[in-house]
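Residues per chain are reported as follows:
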Amino acid sequence: MKLPTNSIRWHLQIWYASLLLIALAGLSFTVLRLSRIHRIRQLDQQITDQQRFFFKSLFPEKKLTGPSAESNKPAPPDPKEIYRRLQAEHQNPTSEILQAFSGTEPGFFYFAISDRDGSILLSSKNFPEGFVFPSEARGEDFDTQYFKGTYREHLRRGPPGIRVYFGMDASEVLKEMDQFAVSITLFAAGIWLVGLAGGWWIVGRALRPVQEISATAVAIAEGNLDQRIEWAGNQSELNQLAQVLNHTFDELASAMERQRQFTGNASHELRTPLTVILSETQRMLKRDRAPGEYRESMEICQQAGLRMKVLVEGLLLLARQENQNSAESRMPCNLQNIVEQSLNTLGHLAAERDMKIITDLASAPLVADAAALRILVDNLVENAISHHPGGGTVTLTLKNTEPAIQFEVADDGPGIDPAYHDKIFERFYQLDTSRSRGGGHSGLGLALVKRIAENHQGTCSLHSAPGKGSRFTVQFSKQTGEGSASLQI
Amino acid sequence: MRILVVEDDELLRRTLVATFRDEGFAVDDAEDGEEGLYKLTEGIYDAAVLDVMMPELDGWQVLEQARPKVDTPVLMLTAKDTVPDRIKGLNLGADDYLIKPFDADELVARIRALVRRASGQSQSILNLHEVRLNTSMRKVEKAGTEVELTPREYSLLEYLALHRGEVVSRTLLYERLFDENDDSLSNLLDVHVSNLRKKLGKDLIQTRRGHGYFVE
């Protein structure tokens, strides 16, 4: 099943959404924690300051040492003494100290003194109602600081069991801290969302070439070979891939185009003999004919059929050569032997046309596809013989020199106008249609020669002029041990 | 009817010529574009069949060069069946085209249709008194009964019928109904005329001495 969450984009999105969430949560928690500690320290400082003021007021004779910075650690007065003095103070209704501990506005301070059992001996007027101090076991005599509801309280214990409580209303501060927590959370959530959106966009952008590539590939698969991937021109990895693929598509399209032209040409060439056979049989079947007429008609059909045979064979040979660039069929062979074998088979053709063949063949070992080279030699020699009006000479020269092996087929025939020298190697191009078509030529021979030469890294060239004969030269370079060819009539 | 077949492929040319002759056409052939152009511009053909793919002067070039001089209907034979090719042919003034491999009967029928259209005769039935010609079926009836005619006899009758009321000279008839291979000095024409008179009545084809023949 195809879920959207299976896509790379979603995987990435989920991954960094989780990462970002963890990071932001950790960060927010730390910030909140630190700010809370800081804020409580401030509170404690305020309470300590207030205590100092209190003690200062209560013990005006006691010189508190040092500047305010050291006020955190005044020599703690004896709680018993504190209690005694406070009691005295209590008698004084205008006492400054008692006045200072009477407000109930937010952030007010209070104090209370209790004995070990928790019963309150004395408290400020604003001491919150309902506060109970637990009784304590003897021996616990350290000072503590803690929250009691929305109040922050400091406890001092004295050895005699008297406990002094200083407290402060911290509701404002707590509210403030809550608000801060909310805003930090909102801020983190905001960053998280922005991060998600940005990440979604960046991944989408980075993956766009992939979408382009797949869309283009789909279009090409549907047969639209002209489609190419549009790429932004920057050098990201995916754009490089797009370039490589575009190049591949170009190659593919040109291969397809060559194939299309080839089949187009082939079917075009096959259409004419096919038309001949169909029209001729249709005509003959219309009514009864004299035996001579049938004979003539059968001959026409046979010729058309033979021409189709030659064409199909030529096409198959060519198609095989087109697809052949593997080294599998390459074997060490000697071009000299191949030429000699070819002459054995084509000798009767030369004799028929009263042609003399002169040879000058050096030994020419090379690594090549011997069957293909035989086709090459056969085609060149046969062309030289059959395009000659007859009674002439064909000269075959095979030279084994550095850096190339050179095979030449020269004749003293009518020659070829230089204007046609390039065209003659094209498929189905025939200079002399009236003769060659009747004579069982496919128009593929020289295309084959060229193809085979090129398959062996060879070159193929033609030197000829009307009335001066033709010389086809094929050259196989020795450096690769394979071949090169040049052809001349 | 006399037509020209321009085809560089010898086998196909032979087959086409034989097919048209079998159907009663007078057929001349040309084996390349140059010869075809020369013959076509003589202007003596009722229609021409032109192969597109020929060396040197191809079918399009022949048509292009012949068009200002003659308006002979031309049917192009092509191996390419792409739309741009058809448009090109129609733009250059080809009247019809056929794609190889084609049906020989269709080719003949199309050539007949081209000739009929060119002569301004849109219907295929011609009535000459009690003789009735069906030009699409190439059949002749006299008073409702079918009469067997040789293709050559039929062509002669059809030509005269299409030029009904005009005196058609013997030269013109030789030019239009016989091809290069027929011996124009023979009395072939007289033989055909006398056969037609025997089969369809002696008054159908009348002779204007020294000028030619005509039908009313």
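Look up a bit, the structure's there.
Residues numbered from 1 in each chain as written. Chains lettered and ligands numbered in written order. Predicted model: local features only at pLDDT ≥ 70, side-chain atom pairs only at ≥ 80, totals over all residues. Heavy atoms only, no water.

A. The arrangement of the nonpolar core in detail. Counting residues in hydrophobic clusters, the biggest one holds 48 residues, and the most contacted among them are A:Leu335, A:Leu376, A:Leu380, A:Leu396 and A:Phe407. Ranked by residues supplied to this core, first place goes to helix H8 (residues 370–386) of chain A with nine residues. Apart from residues no more than four positions distant in its own chain, A:Leu376 is found in contact with A:Val449, A:Ile452, A:Ala453, A:Val474 and A:Phe476. Among the nonpolar cores identified, the runner-up in size contains 26 residues, and B:Ala161, B:Tyr174, B:Leu177 and B:Leu200 belong to it. (Core = buried A, V, L, I, M, F, W, Y, C linked by side-chain atoms within 4.5 Å. Buried < 20%, exposed > 50% of the residue type's maximum accessible area, 1.4 Å probe, protein only. Helix = DSSP H or I, 4+ residues; strand = E, 2+ residues; numbered from the N terminus. Contact = heavy atoms within 4.5 Å.)

B. Inspection of the interface of chain B and chain A at higher detail. The interface is formed by 22 residues belonging to chain B together with 22 residues belonging to chain A. Taken together, both faces of the contact between chain B and chain A bury some 2,100 Å²; the carbon and sulfur share is 51%. Linking chain B with chain A are six salt bridges, by the criterion used here. Between B:Asp22 and A:Arg289 there is a salt bridge whose closest N-O contact spans 2.7 Å. There are 10 residue pairs in polar contact (both at pLDDT 80 or more) connecting chain B and chain A. Elements represented by at least two residues in the side of chain B that touches chain A include exactly helix H1 (10–22) and helix H5 (104–118) of chain B. Of the residues forming the side of chain B that touches chain A, the biggest block, seven residues, is contributed by H1(B). Taken together, the residues of the side of chain B that touches chain A sort by class into 10 nonpolar, two polar and 10 charged. (Buried area = accessible area lost by both parts, 1.4 Å probe. Salt bridge = Lys/Arg side-chain N within 4 Å of Asp/Glu carboxyl O. Polar contact = N/O pair within 3.5 Å; in protein donor to acceptor, adjacent residues only side chain to side chain. Nonpolar A, V, L, I, M, F, W, Y, C, P; charged D, E, K, R; others polar.)

C. A look at unusual backbone geometry. Look at the link from A:Glu402 to A:Pro403: it is a cis peptide, with omega at 0°. Following the sequence through the fold, A:Pro403 ends up in the loop between strand E9 (393–400) and strand E10 (404–411). Between B:Lys100 and the following residue, B:Pro101, the backbone shows a cis peptide bond with an omega angle of -5°. Along the chain, the position of B:Pro101 falls in the loop between strand E5 (96–99) and H5. One non-glycine residue, A:Gln457, adopts positive backbone phi at about 55°. Despite not being glycine, B:Ala143 shows a phi value in the positive range, around 50°. Inspection of the secondary structure assignment puts B:Ala143 in the loop between strand E8 (139–142) and strand E9 (145–147).

D. Focus on the sheet that holds E9(A). Residues and elements named next belong to chain A. With mixed pairing, five strands are arranged side by side in an open sheet as E7-E9-E10-E12-E11. The open sheet is flanked by strand E7 (356–361) and strand E11 (458–464), the only strands paired with a single partner. Here the strands of the sheet are splayed against their neighbours by 10° on average, with no regard to which way each runs. Here seven bridges tie E9 to E10, and the two strands are oriented antiparallel to one another. Within E10, the residue paired with Lys399 across the bridge is Gln406. This element, helix H7 (residues 335–352), spans E7, E9, E10 and strand E12 (470–477) of the sheet and lies at about 175° to E7. (Pairing = 2+ DSSP bridges. Axes fitted to C-alpha atoms, helices over the stretch in contact; angles between N-to-C directions.)

E. Highlighting the side chain of B:Asp9. All names here are of chain B. With respect to the secondary-structure elements, Asp9 resides in the loop between strand E1 (2–6) and H1. Taking relative accessible area as the criterion, Asp9 reaches 0% and is therefore assigned buried. A polar side-chain atom of Asp9 sits 3.0 Å from the main-chain amide nitrogen of Leu12.

F. Inspection of H7(A) at higher detail. Residue and element names in this part refer to chain A. Under the 1.5 Å per step criterion, the end-to-end length of H7 is 26 Å for 18 residues, consistent within 8% with the ideal 26 Å. Along H7, the sharpest kink reaches roughly 50°, centred on Leu346. Within H7, burial applies to Leu335, Gln336, Ile338, Val339, Ser342, Leu343, Leu346, Leu349 and Ala350. Here the buried face of H7 lies against strand E6 (331–334), E7, H8, E9, E10 and E12. (Expected span 1.5 Å × (residues − 1). Bend = angle between axes of the 7 residues up to and from the residue.)

G. Summary view of the pattern of salt bridges. Tallied over the entire structure, the rule returns 30 salt bridges over all chains. Notably, a salt bridge pairs B:Asp105 with A:Lys286, separated by 2.2 Å at the nearest N-O pair. Remark: A:Lys286 occurs in the loop between helix H5 (237–285) and helix H6 (291–322) and B:Asp105 occurs in helix H5; the pair is interchain, linking two chains. Note on B:Asp105: relative accessible area 33%, which makes it partly exposed. For A:Lys286, a relative accessible area of 44% gives the class partly exposed. Close ionic contact of B:Asp96 with B:Arg110 constitutes a salt bridge, the shortest N to O distance being 2.9 Å. With B:Asp96 in strand E5 and B:Arg110 in helix H5, the pair connects residues that are 14 residues apart, well separated along the chain.

H. How the structure looks around the packing of aromatic side chains. Scanning the model with the defined rule gives 11 aromatic pairs over all chains in all. Ring plane angle 50° and centroid distance 6.4 Å describe the contact between A:Phe108 and A:Tyr110, whose orientation is recorded as tilted. For the residue pair A:Phe108 and A:Tyr110, the accessibility class agrees, reading buried in each case. An angle of 45° between the planes, with centres 5.0 Å apart, marks the rings of B:Tyr174 and B:Phe178 as tilted. Both residues of the pair, B:Tyr174 and B:Phe178, belong to the buried class. One aromatic cluster is present, formed by A:Phe108, A:Tyr110, A:Phe127 and A:Tyr151 through successive ring pairs. Positioned above the aromatic ring of A:Trp200, the side-chain terminus of A:Arg9 is 3.9 Å from the ring centre. For B:Arg138, the ring lying beneath its charged end belongs to B:Phe25, and the centroid distance is 5.9 Å. (Phe/Tyr/Trp six-rings, centres within 6.5 Å; stacked < 30°, edge-to-face > 60°. Lys NZ or Arg CZ within 6 Å of the ring centre and 35° of its normal.)

I. Structural context of the packing of helix H7 (residues 170–177) of chain B against helix H8 (residues 188–200) of chain B. Residues and elements named next belong to chain B. Closest axis-to-axis distance for the H7/H8 pair is 11 Å, and the angle between their directions is 90°. Judged by the inter-axis angle, H7 sits roughly perpendicular to H8. Residues Arg170, Leu173 and Tyr174 of H7 pack against Leu188, Leu189 and Asp190 of H8. Grouping the amino acids of the contact of H7 with H8 by side-chain chemistry returns four nonpolar, no polar and two charged. (Parallel < 35°, antiparallel > 145°, perpendicular 65-115°, else oblique.)

J. The sheet that holds E9(B), seen in detail. Residue and element names in this part refer to chain B. One open sheet accounts for four strands, arranged E6-E7-E8-E9; its pairing is antiparallel. Among the strands making up the open sheet, the edge pair consists of strand E6 (125–128) and E9. On average, each strand axis in the sheet is tilted by 30° relative to the strand beside it, whichever way the strands run. In this structure, E6 lies alongside strand E7 (residues 131–134), joined through four bridges in antiparallel fashion. When the sheet's bridge partners are listed, Leu128 is paired in E7 with Val131. Where helix H6 (residues 151–162) meets the sheet, it contacts E6, E7 and E8, and its direction lies at approximately 100° from that of E7. The sheet contacts of H8 involve E7, E8 and E9, and relative to E8 the element is tilted by about 45°.

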